[in-house]
Each structure stands twice: as C-alpha cells, then as structure tokens.
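# Chains, contacts and geometry: an overview
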Amino acid sequence: MFLRMSSDSPHAVTGERPVAHLVAKDVLIEYPTPGSDLITTAVRDCDLVLDRGDFVCLVGPSGCGKTTLLNAVAGFVPLSGGTLELDGRPIPGPGPDRAMVFQQPNLLPWRSVLANVTYGLELSKKVNKAEARSQAADLLELVGLADVAQKYPAQLSGGMQARVNLARALAVEPEILLLDEPFAAIDAQTRELMQAELLRICAARDVTALFVTHDITEATFLADRVCVFGPRPGRIVKEIQVPWGRPRSHDIRRTPEFTALSEEIGDVLYSAIAEARAAQLEGAAR
Amino acid sequence: MRRASTSKPARTPTRRPGGRSRRRTSSWLTEQRVIGTSAVIVALVVWELVALARVKPALILPGPIDVLRAFRDLFSTSAIWTDLWVSAEELLIGLLIATLVGLPVGLLIGWYKRVAYALNPFVNFLYATPRIALTPLLIIWLGIGSSSKIAIVFLMALFPILINTAQGMQSLDQGSVRVARCFGASDLQLFRTVALPGTVPFVASGLRLAVGQALIGVFVAELSGATHGVGLMMSTAGQQFQTSKVFAGLFIFAFAGVTLTAVLRRVEQHFAAWRLGS
C-alpha cells in the first residue's frame, strides 16, 4: 500500500524531538452507574502521548469513552488508575492551562463578543483589563470577527459563535487546547471552512490540540495523528499517522490518498466495533 | 410615488406582510400607540355615554367627566397632598425594604442548598398564607400609623422578589457554569460572573410583580385603619357615596402602578439588552 505508516511525523522532519507534553499511561476511568451498585468502565488501558505542537484527533463511535478521556485531561473527571501528566505533573483539576472548546458554544449571553473572549483572562487575573482587551481584539482579528466585537452572542450565527468559542479558549494561551466535537452542531459547508480556519489558527499560535470527533474525514483533515477508539471499555486500538503537514488546503480532501486514509481509519473503527459487539455477544451467551 | 423632500418624517411605518418593516424609533406615532390610544378614547366615550344614559343615578355610576371634576375638587385642597405623600412613602419604603431583604435572601437560598432547605418551610408557609390577612395583627402590634402599612407592603412585595431571585439562581445555564469552571473560576467568581448576571432578568420580573402586590398592600392596609392615605380617602369617600372621588382614588393607584412598572421595564431592558436579537 502507498500509505505511509512510518514515524515521519512533522516533528521528525525538523530533526529534533521535543519533550513529551501530555502523557497518558494505562489510564483507567470508572464511575458508578446511577441507580445501581455496578461500576461502568469508560476507559481502560489507554496510552497516549502528545508532543508540543501536535494535533491529535480521537475518533470513535459515540459512547466509546473518548469524551471521557478528554474530560479527564480537562480535569473534570478523576482517574481510577494509571497516570495522566501534563509536562510531567499530574492533572489536579480544571485549570486555564487546558482550555476546552465544547460542542455548544456556551457563550455568556450578557457579555459582548469581546467581553466573552476576555472572560478567561479576567478569571485568571494574569493581565490587566486593557491588556486583556487588546489581546482579545487581536484574537478576534485572527478568527475574522473584529467587526462584531461589540455585538452580543444572540446576534451571531452558529458559525460565528463557534469562532468566538475558539477565540475565548485561545485567549488564555493554554498549554493544550481540548476540543469536544466543536463543529458538530454547524452546517456542513461552514464546518469545512471552520476546519481549515482551525488549522490556520493553530499554526499561527503554535497550538497543541486534542480533538474529539466521530467524523472520520474531519479527523483525517485536521490531525497529525488519528487515534481510533474502540468501544466498551474505551481504549485506543490504533494510531494512524497522517502524512501531510499543516495548515492544509481543501484540495487534499479530493485526493485519492485522503480518501484511502479515511477508508483505512474507517476500517479500523468498524472492525473494532464489530469485535466489541462479538465479545459482548459471547459474554451474553456464556 | 416621489415626494418633495421635506424634513417631516413619515407618520407611520409602512408594514408589508411577510417582509421586515423598518421601524422608526424616532417617530412617537407608531401603529401600536395609535391603536392603543384610540381604543382608550373609545372606551372613555362609551363609559361617558353609558353614564349619560343614566341607567344608574350619577351617585352610583359617574362618567369620566364627573371623575375629572372630582379630581379638580380633590386637588383644590391640601389634604390630598398629605394622603398622597403618606401612601407614597408607605409604598416606596415597603418596596425598598422588601428589595433589600428579598434580594440577598433569595440569592442565598438559590446559591446554598442548605440555606434553601432551612428557609423553604418558612417561605412556603408565608407564601401560601394570604399575607394581607396579617393586617389586623400588624395593626395591633405597630398601631394605625405608617409603620404597620410599611410592614404589610413589605410582606406583600417580599415574596415575588425573593422567590424569583432564588429561582433565577437555581436555573443557571449549566453550559455557562461549565465554561467558568473550565477556566478555573472560584466559587466567588462563578457567582459574580455567571450567577448574578444570569439572575438579573428574574429579579426584574420579580420586582414588577412586587409592585402590584405592594399596591394591594397599601390599599388594604389603609382600609383596615389609618390616619392618612389615598386608600383611606377612597374608603371614606365610598362611605359617603362620593363615587366619583372613589374613582379618582382608583385612578391614582392605577397611575402609580403603571408608572412604577414602566420604570422597572426600562431598567429591565437596560440590563437585558443581550436578549434582543439582531
């Protein structure tokens, strides 16, 4: 096959190997099932390494635990086992060094667009108000919303709200950007535009990103590496290298290589689902 | 059709069905106002005609012109100013205390579950009780002066404010809360940046409900024994069959209610500009 599964990641090209940024090892996440004594295992034996500047996508069927892993990195969910470290330190809880971009924009409706972007900076009190406003203005320029800075979220379209959401997360200059299906609620055309925008912004700001999606072509288009999640309990069944450098143009979507890579990711995903289903049936039969 | 260019604005905005009409905020004469004012005028005329037809004697059903005359007589003496001043004082002080108590207590009930558990029995009991029924008790305790009236107004106005504030606090948008937590917001920051602004619309509508309740409070409290006040004036006039004077008092109450509600609506709009769409 022509697909390169070798280790020539974008960093390998530059010759130096940066220190690992986010390291997950044997991560186990369990939580009690509501209304019973049973314990649900959401994620088990999960290993993941992100270098600084990496863009990694987690793909998997819904309910496979990929969002749970993301929430654990964000600090919302405690680990039941294994280790999860950012720059060698375990994650204590939510913090502005890991900014989350949710599927719903969740903008504060009583704040103007600009005030929404400065929100994280205001909370962390790292910079004064004037500085926060000028940084936010720069970010709005970057996401192409400079002219609506004084409007309220209710006056924006869904795509514009998603951009504000992204700008707000970037404003706190996070060590790592966590994105939980941020474009799932946007129409298909806007979504493709936003994907290219995201890559451009990540390149401009040298962002490390962990991106959860169930959309295989989205993962192929965005990621340096695609981690395929298998269901129940969630674990990474395969990591697939994406050969193109970033940012990328929409043209690569039409290349046969892109299609082939997406198909390969799909094959891994569907066989993982089939395997899990077979195991489930076997367990039920026993 | 082309018009000669004049500075005179169009009287009414033209509305096309289905299309978006451009609203002229500068023109006072909107469609809404024209129709509303006309309807009021029609109602007044009908009332006057019914009164003129003398279905009932003027002593029982005066017309608008009789009421206007009563107003003129009323304001020709100085007694009305004392009555107005006393009633206004009772209303405003009662409302003010109700806000000063209801707002923080409502915030506490909404924010701390345990405070809610402790206070809910009392709130539910007092809310379900017709508080106006406490009037005789409060007059025994506080006398027939202003303080018993202020207490009634306070009790009437307290609960709409308190309950609405607590409800606003309890129905925070969980998405906003999650965002604040994600940025590492402390409890105090969460309260200040998400809970308080999210509660403002609830507080505003609580205040508007409170105005209505407070007016009922002033009126009924003055009926049950008072030395001055518009309510007392009405009750005295009623006993003397000065029906048009009763109507005049009624309109004073109505005017107070409409004015206060309009002011609060302004305040509400100021704080809730973000709710208006594009």
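Described in the following lines is the structure provided in the data block.

### Some words on the sheet that holds strand E5 (residues 89-90) of chain A
All names here are of chain A.
- Strands sit in the order E2-E1-E4-E5 across an open sheet of four strands; the sheet is antiparallel. Across the chains shown, the open sheet's two edge strands, defined by having one partner strand only, are strand E2 (39-51) and E5.
- Bridging between strand E1 (residues 20-32) and strand E4 (residues 81-86) involves five bridges; their strand directions are antiparallel. Looking at the pairing, Lys25 lines up with Thr83 of E4.

### Considering the packing of aromatic side chains
- By the definition in use, this model includes 11 aromatic pairs over all chains.
- Their ring planes at 80° and their centres at 6.2 Å tell us that Tyr119 of chain A and Phe183 of chain B sit as a pair that is edge-to-face. You can see Tyr119 of chain A sitting in helix H4 (residues 119-124) and its partner Phe183 of chain B sitting in the loop between helix H7 (174-182) and helix H8 (187-223), one on each of two chains. No difference in accessibility class separates Tyr119 of chain A from Phe183 of chain B, as the two residues are buried.
- A network of ring pairs unites the aromatic residues Phe55, Phe183 and Phe211 of chain A as a single cluster.
- Geometry around Phe221 of chain A places Arg253 of chain A over its ring, the cationic atom sitting 3.9 Å from the centre.
- Here the basic side chain of Arg178 of chain B rests over the ring of Phe76 of chain A, its NZ or CZ set 4.8 Å away from the ring centre.

### Re the nonpolar core
All names here are of chain A.
- Membership of the largest hydrophobic core comes to 103 residues, with the highest contact counts inside it found for Leu22, Leu48, Phe55, Leu58, Leu177, Leu198 and Leu210.
- Tallying contributions element by element places helix H6 (residues 158-171) first for this core, with seven residues.
- Here this core spans two domains, and each of domain 1 (10-97 + 175-285) and domain 2 (107-173) adds at least three residues to it.
- With sequence-adjacent residues up to four places away left out, Leu177 is seen in contact with Ala99, Val101, Leu166, Ala169, Leu170, Val207, Thr208, Ala209 and Leu210.

### As for the interface of chain A and chain B
- At the interface, 24 residues of chain A touch 20 residues of chain B.
- Surface buried jointly by chain A and chain B totals about 2000 Å² across both partners, of which 68% is contributed by carbon and sulfur atoms.
- For chain A, the biggest contributors to the area lost against chain B are Trp110, Tyr119 and Leu123 of chain A; these three give 32% of the whole.
- Joining chain A to chain B, the criterion identifies zero salt bridges.
- Inspection of the region where chain A meets chain B yields four residue pairs in polar contact (both at pLDDT 80 or more).

Cut-off values and rules
- Residues numbered from 1 in each chain as written.
- Chains lettered and ligands numbered in written order.
- Predicted model: local features only at pLDDT ≥ 70, side-chain atom pairs only at ≥ 80, totals over all residues.
- Heavy atoms only, no water.
- Pairing = 2+ DSSP bridges.
- Helix = DSSP H or I, 4+ residues; strand = E, 2+ residues; numbered from the N terminus.
- Phe/Tyr/Trp six-rings, centres within 6.5 Å; stacked < 30°, edge-to-face > 60°.
- Buried < 20%, exposed > 50% of the residue type's maximum accessible area, 1.4 Å probe, protein only.
- Lys NZ or Arg CZ within 6 Å of the ring centre and 35° of its normal.
- Core = buried A, V, L, I, M, F, W, Y, C linked by side-chain atoms within 4.5 Å.
- Domains from an automatic or database assignment.
- Contact = heavy atoms within 4.5 Å.
- Buried area = accessible area lost by both parts, 1.4 Å probe.
- Salt bridge = Lys/Arg side-chain N within 4 Å of Asp/Glu carboxyl O.
- Polar contact = N/O pair within 3.5 Å; in protein donor to acceptor, adjacent residues only side chain to side chain.

Honestly, it's all geometry; don't read function into it.
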